[in-house]
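Below, each chain spelled out in residue letters.
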Amino acid sequence: MLAGHIPFLSLEITRECPLTCPGCYAYNPEHLGGLTTLRELNDLKGPALVSGVLRLVQKHQPMQVSIVGGEPLVRFRELNEILPRLAAMNIGVQVVTSAVRPIPQEWASIPRLSIAVSIDGLQPEHDERRKPATYARILENIEGHQITVHCTVTRQQVNRDGYLEEFVRFWSNQPATKRIWMSLYTPQIGEVSEEQLTPPDRQRVIRELQALRAEYPKLDMPQALIAAYADPPRSPDQCTFARVTHCVSADLKKQITPCQFGGNPDCANCGCMASAGMAAIAQHKLPGGLRLGTIMDASLKVGEAARWARRSLGTENKDSASSGEPALSS
């Protein structure tokens, strides 16, 4: 950040997805600002996608890349080439998938790769929402891997006592589960939908997660992260995660703003786990009482000055572009 680089890069690697999940932010008509939609973009395939992703990584020099969609496994052949090359650059990668098709076994040995599988509720509700990525297909397709189970909590899941515990228990007992993460559904401003949590729902989920984390070690959510759900940032400018993440859509050109949700997210009701996690980090105090967020704010300001200086001198990305991939890996 001091050098003017954004540490996290999020890529919508394809416009394609065989699922039609209710409430999916990526296919919201306003996700890309309203002038176009994800399905209308000209996405890339084959060598053009591989080289395009590597150029984008070379340009932004992130520490971590999140590959989302659409459904990334639609482009598994390209990812078979992209993922090892990012690992060779010492870049952490997270692939977020529905596991609608088998996850290539060779991915299990790629260092610094995390596979997050989106599973929204217990089998009856999940299978209805996310078919054809059903429980049966997921359990078959994750064999041989250690995955992160990621669940977005919607109102349908909090209408029955014990629902969240039953979910956490089931996935804790699966050998392929390395950890479990729980986000809360994040609406757009003005949205009225069945997925939205009411304020009492939100407080109830927070209490339940705090209790469950003590009983189920695979629920890998620190206490401070869960507590951050009670007080989300009021705007993207106050969201640490939004400030340190650059999000790009499937043409590898269109920037997604103001954060990965795009459109006009209702920040006051944000349930993004990444946002909550970064908020918890920012609030952490070092010995002497200095918040990490204060250091981060100062780093971002210095970095902006560094970027301005490079633009003024005409050297923005010049060094990395001329030196090729080995410079990034060094």
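Residues numbered from 1 in each chain as written. Predicted model: local features only at pLDDT ≥ 70, side-chain atom pairs only at ≥ 80, totals over all residues. Heavy atoms only, no water.

1. Some details on the pairing of strand β5 (residues 147-153)
Regular strands place side chains that alternate from one sheet face to the opposite one.
Here comes step 1: Taken across its seven residues, β5 has seven buried, putting it largely inside the fold.
Here comes step 2: As judged from the three bridges shared by strand β4 (residues 113-118) and β5, these two strands associate in the parallel manner. Bridging from a neighbouring strand, Val117 pairs with Val149 of β5.
Here comes step 3: Bridge count between β5 and strand β6 (residues 177-184): seven bridges; the pairing is parallel. Each residue of the ladder has a partner; that of Ile147, found in β6, is Thr177.
Here comes step 4: A crossover links β5 with its parallel partner β6, the connecting element being helix α5 (residues 163-172), and its sense is right-handed. (Buried < 20%, exposed > 50% of the residue type's maximum accessible area, 1.4 Å probe, protein only. Helix = DSSP H or I, 4+ residues; strand = E, 2+ residues; numbered from the N terminus. Pairing = 2+ DSSP bridges. Right-handed = clockwise from strand over helix to strand, strands pointing away.)

2. Observations regarding the pattern of salt bridges
Here comes step 1: One pass over the full model with this rule turns up 18 salt bridges.
Here comes step 2: A salt bridge links Arg130 to Asp120, with the nearest nitrogen and oxygen atoms 3.5 Å apart. Residue Arg130 is located in helix α3 (residues 123-130), and its partner Asp120 is located in the loop between β4 and α3; the two are separated by ten residues in the primary sequence. Across the pair, exposure class does not vary: Arg130 and Asp120 are buried alike.
Here comes step 3: For Glu165, the salt bridge goes to Arg169, with nearest N and O atoms at 3.8 Å. With a gap of four residues between them, Glu165 and Arg169 both fall in helix α5, about one helical turn apart.
Here comes step 4: Owing to a relative accessible area of 25%, Glu165 belongs among the partly exposed residues under this scheme.
Here comes step 5: Three or more residues joined by partner-sharing salt bridges are found here, namely Arg15, Glu16, Asp43, Lys45 and Arg75. (Salt bridge = Lys/Arg side-chain N within 4 Å of Asp/Glu carboxyl O.)

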